[in-house]
Amino acid sequence: MFETVRPRREVAIIGVGCTKFGELWDSGLRDLVVEAGVKAVETAGISGKQLQLIIGGNMSGGLFVGQEHTGALFADYLGLNNIPAIRTEAACASSSVGLRVGYLAVASGLYDFVAVGGAEKMTDVYGPHATTALASATDQETEAYFGATFPGVYAMMANRHMHEYGTTREQLAKVAVKNHDNAMHNPVAHFHRRVTVEDVISSQLVADPLRLLDCSPITDGAAAVILAPADKARQYTDSPVYIKASAQASDSLALSSRRDICTLDATVKAARHAYEQAKIGPKDLHFAEVHDCFTINEHIAYEDLGFCKKGEGGKFMDSDQTMLGGRIPVNTSGGLKAKGHPVGATGIAQIVELYHQLTGQAGGRQVKGAEIGLAHNVGGSGATVAIHILSNKL
Ligand code: COA
């Protein structure tokens, strides 16, 4: 067991940047990084020369665009090759793990100004190649070797959840309907298209019971944030957002080694530490971004994060509490499902959404009175989970 983090000093986010998400034919990986990074520095009101460390999440530049060594590459293209640069990789949680590293760097007092970003350029390869690249984050010996893909792995979890708890096909579909609705208000979202329960249920079968509209898409995009010590944040911005908790946990890659495939134990552990560090419980949250890579995973996240009891994710969905205007709106950005899922960028993109909500900049999807929100980012099928709790109050 690990101890809850006790930071030496509080850490703030003073600026954010995000590209459009989607099939971005006119932009390469480095263009996306520069766009998000420059936006983040501009909104932070600092000079790039003040940055002391750059951290870039990237899941698989090697398989998607033939480019490894992306930490130094990102720094180079941002004109920052005079400072240390780190690439973080934890599958779809690559950049939230990067945020945790950046948080620890500032909280420890070692660095003041740190840029943390994430980027993935996924659409330069054909669909089956993208599926194979993603499957490299499953267990090669017990899953990918036998042809398991991520839709297949999550389909097993969905089938088991439906069998154990009576979760219905319609309850899964409602996640996609809600998140596509929310994405209508997010200018950077991959999809601006409403879908109905019937659309989801009749969309093309991918891995039974999951259909096309149960899946997050293959997306290009990048996102970045600038971290600073809380006591210096107001020199640069009137609206800093504070990191109240940064937690991470691990589990086995292989589903076959798990105690229960209807629960992500890493979410449960990371959530416990995050709530302890922030000194709150799930009922204190005003909104959350959770890892809805497939619709079933939003239900499982509700349960594992303590928003409802185990097995009641479907009923909780039916209660409409996670809709905009509900008790705890979830995935106001459109989530991975409709905002898009450029895997290495997703964790920081969730943080960008939290920042926009907490600074009142979320437009038509603004949660009224939002003061505290949670971001939940899963690597693979749950072998890595990173959770951050952010607030606009110190
Ligand atoms: N949701 C909604 N629409 C989608 C979509 C999705 N996830 N994926 C593709 N589409 C749309 C496309 O926009 C396109 O629409 P159009 O015909 O109007 O232009 C159409 O469906 C076909 O797109 P295409 O790119 O040919 O789809 P595909 O069959 O190659 O890929 C999936 C569909 C579901 C297989 C792919 O999106 C996928 O693998 N998703 C999961 C990604 C993943 O595993 N991520 C890691 C999670 S742990």
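Placed above this text is the structure.
Residues numbered from 1 in each chain as written. Predicted model: local features only at pLDDT ≥ 70, side-chain atom pairs only at ≥ 80, totals over all residues. Heavy atoms only, no water.

Draft legend 1. Summary view of the sheet that holds strand β1 (residues 11–18). The strand order across the open sheet formed by nine strands is β3-β2-β4-β7-β1-β8-β11-β10-β9, and the pairing between neighbours is mixed. Both edges of this open sheet fall to β3 (85–88) and β9 (287–289), since each of them pairs with a single strand only. Sheet twist, expressed as the mean angle between neighbouring strand axes with direction ignored, is 25°. As paired elements, β9 and strand β10 (residues 372–379) share three bridges and run parallel to each other. Residue pairing in the sheet places F287 in a bridge with G373 of β10. Sitting on the sheet, helix α10 (residues 265–278) is in contact with β8 (241–250), β10 and β11 (384–391), with an inclination near 150° to β8. (Pairing = 2+ DSSP bridges. Helix = DSSP H or I, 4+ residues; strand = E, 2+ residues; numbered from the N terminus. Axes fitted to C-alpha atoms, helices over the stretch in contact; angles between N-to-C directions. Contact = heavy atoms within 4.5 Å.)

Draft legend 2. Here's a closer look at the site of the ligand. Among the 15 residues in the neighbourhood of the ligand, the closest are listed as L213, C215, S216, P217 and K337. In the model, a nitrogen atom of the ligand is placed 3.5 Å from a nitrogen or oxygen of the R193 side chain. In this structure, a nitrogen atom belonging to the ligand sits 2.7 Å away from a main-chain N or O atom of C215. The fraction of the free accessible surface of the ligand (910 Å²) that becomes covered by protein chains is 64%. Most atoms of the ligand, that is more than half of them, are within 2 Å of grid points of the largest pocket. In terms of residue class, the shell around the ligand is built from 11 nonpolar, two polar and two charged. (Near = heavy atom within 4 Å. Polar contact = N/O pair within 3.5 Å; in protein donor to acceptor, adjacent residues only side chain to side chain. Areas by Shrake-Rupley, 256 points an atom, 1.4 Å probe, with all protein chains shown as cover. 1 Å grid on protein atoms, 1.4 Å probe; cavity = no way out; pocket = protein on both sides within 12 Å on 5 of 7 lines; lining within 4 Å. Sits in = over half its atoms within 2 Å of the grid points. Nonpolar A, V, L, I, M, F, W, Y, C, P; charged D, E, K, R; others polar.)

Draft legend 3. Representation of the packing of helix α1 (residues 29–44) against helix α3 (residues 70–77) within the structure. Relative to each other, α1 and α3 sit at 60°, their axes nearing to 9 Å. The angle between α1 and α3 places the two elements in the oblique class. Between α1 and α3 the crossing geometry is right-handed. Residue-level inspection shows L29, R30, V33 and V34 of α1 in contact with α3, the latter providing T70, L73, F74 and Y77. Looking at side-chain class alone, the contact of α1 with α3 contains six nonpolar, one polar and one charged residues. (Parallel < 35°, antiparallel > 145°, perpendicular 65-115°, else oblique. Left-handed = near helix turned anticlockwise from the far one by under 90°.)

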